Amino acid sequence: MTHPIALEGALKLKEITRPAAHCEGIRTLGSSSEFKHGPLSAVRQGYPVLFITAPGDEAMMITHVNKVTTRGGRAIAIAAEHPALRANVHDYLVIPEANRFLSPILLTLPAQLTPVPEPRRGEWDLLPHERRPDSAESHRPPTVRATSARR
């Protein structure tokens with residue numbers, strides 16, 4: 001249910017970063033082999049991983065969160081309040097309680113607006129959308145560094 005939201009969030013992050021950040025929206029419920037043998041191998045110390053969680057999926061997400069955090073990754077969850085999930089992630093963006101079919105609407109906006117928590121200096125430059133070059137021939141505009149108030 002949250003897979004399309006993850007795809008959209010990944011696309012938004014790719015659109016605002018240069019060079020394009022490695023972002024994937026994947027389905028982690030059911031068969032988790034796509035997660036284990038794919039993006040999990042890219043996780044390193046401090047690497048941000050966003051978990052978009054619908055009601056009822058928290059137990060499976062906690063398993064994936066633990067795989068990320070044992071590799072040193074930074075786990076960020078977007079979900080309704082859930083104490084066990086909150087205890088396992090570094091950052092938690094709370095959405096209002098809703099039924100399983102309304103929650104995708106509430107999850108979409110935070111997924112699209114969540115900035116990179118703490119990009120490594122020189123690794124990703126965030127570009128304002130209106131100043132993004134349209135072609136390879138155009139000059140690259142000045143970059144805007146993403147910052148986080150949380151340390």
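Residues numbered from 1 in each chain as written. Predicted model: local features only at pLDDT ≥ 70, side-chain atom pairs only at ≥ 80, totals over all residues. Heavy atoms only, no water.

J.: Is there a simple way to explain the overall build of the protein chain in this structure?
T.: What the protein chain contains, in helices and strands, is five helices and five strands. Along the protein chain, helices and strands appear, N-terminal first, in the series α-β-α-β-α-β-α-β-α-β. Within the protein chain, buried positions represent 38% of all 151 residues. In the protein chain, 56% of the contacts between residues at least 6 apart in sequence involve partners at least 24 apart. Working note: accessible area of the protein chain is about 8700 Å², and carbon and sulfur atoms make up 56% of it. (Helix = DSSP H or I, 4+ residues; strand = E, 2+ residues; numbered from the N terminus. Buried < 20%, exposed > 50% of the residue type's maximum accessible area, 1.4 Å probe, protein only. Contact = heavy atoms within 4.5 Å. Areas by Shrake-Rupley, 256 points an atom, 1.4 Å probe, with all protein chains shown as cover.)

J.: Quick question: what am I supposed to make of the nonpolar core here?
T.: In a soluble, globular protein the nonpolar side chains are often hidden away together inside. The biggest cluster of nonpolar side chains holds 17 residues, and the ones touching the most others in it are F51, V68, L85 and V89. Elements supplying a minimum of two residues to this core: β2 (48-52), α3 (58-70) and β3 (74-80). With four residues, α3 is the single largest residue contributor to this core. If sequence neighbours within four positions are ignored, L85 has contacts with T53, E58, M61, I62, V65, A77, A79 and Y92. By size, the runner-up hydrophobic cluster in this structure holds eight residues, among which are I52, I78, A80 and I95. (Core = buried A, V, L, I, M, F, W, Y, C linked by side-chain atoms within 4.5 Å.)

J.: What am I meant to see in the pairing of strand β4 (residues 91-95) here?
T.: Every other side chain in a regular strand lies on the same face of the sheet, so the side chains alternate between the two faces. Bridge count for β3 against β4 is five bridges, and the pairing is parallel. Paired with A77 across the two strands is Y92, which belongs to β4. Remark: the β3/helix α4 (residues 83-88)/β4 crossover connection has right-handed handedness. (Pairing = 2+ DSSP bridges. Right-handed = clockwise from strand over helix to strand, strands pointing away.)

J.: When you look at the packing of helix α1 (residues 3-16) against helix α5 (residues 103-113) in this model, what are you seeing that I'm missing?
T.: Angle between the axes and distance between the axes are the two parameters that describe a pair of packed helices. The interhelical angle for the contact between α1 and α5, taken along N-to-C directions, is 15°, at an axis separation of 9 Å. By the criterion of interaxial angle, the relationship of α1 to α5 is roughly parallel. The element α1 and its partner α5 pack so that their crossing is right-handed. Note on element contacts: α5 touches α1 through P104, L107, T108, A111 and Q112, opposite I5, E8, G9 and K12. Residues that form the contact of α1 with α5 fall into these classes: four nonpolar, three polar and two charged. (Axes fitted to C-alpha atoms, helices over the stretch in contact; angles between N-to-C directions. Parallel < 35°, antiparallel > 145°, perpendicular 65-115°, else oblique. Left-handed = near helix turned anticlockwise from the far one by under 90°. Nonpolar A, V, L, I, M, F, W, Y, C, P; charged D, E, K, R; others polar.)

J.: Teacher, can you tell me more about the pattern of salt bridges here?
T.: For side chains bearing opposite charge, pairing can occur when the charged atoms are close. According to the stated counting rule, one finds four salt bridges in the structure shown. The shortest N-O distance in the salt bridge between K12 and E8 comes to 3.4 Å. On the criterion of helical spacing, the pair formed by K12 and E8 is a turn pair, its members being four residues apart in helix α1. The salt bridge involving R74 is made with D91; its shortest N-O contact spans 2.9 Å. With R74 in strand β3 and D91 in strand β4, the pair connects residues that are 17 residues apart, well separated along the chain. A relative accessible area of 11% means that D91 is categorised as buried. (Salt bridge = Lys/Arg side-chain N within 4 Å of Asp/Glu carboxyl O.)

J.: Would you explain the sheet that holds β3 in this entry?
T.: Strand pairs in the sheet, formed through backbone hydrogen bonds, run parallel or antiparallel to each other. Across the sheet, three strands lie side by side as β2-β3-β4; this open sheet has parallel pairing. What marks the edges here is a single partner per strand, and that holds for β2 and β4. Between one strand axis and the next, the sheet turns through 15° on average, direction left out of account.

J.: Help me out: how do you make sense of the confidence of the model for the protein chain in this one?
T.: Detailed reading of the predicted model is not advised wherever pLDDT is low. Put simply, the protein chain has an average pLDDT of 76, and 71% of its residues get 70 or more. Taken element by element, the protein chain is modelled with least confidence in strand β5 (residues 125-126), mean pLDDT 52, and with most confidence in α4, mean pLDDT 96. Considering only residues more than four positions removed or in separate chains, one finds that residues 117-121, a stretch of pLDDT under 50, has 13 contacts. Confidence over residues 128-151 falls short of pLDDT 50; this stretch has 34 contacts with residues more than four positions distant or in other chains. (pLDDT = per-residue confidence, 0-100.)

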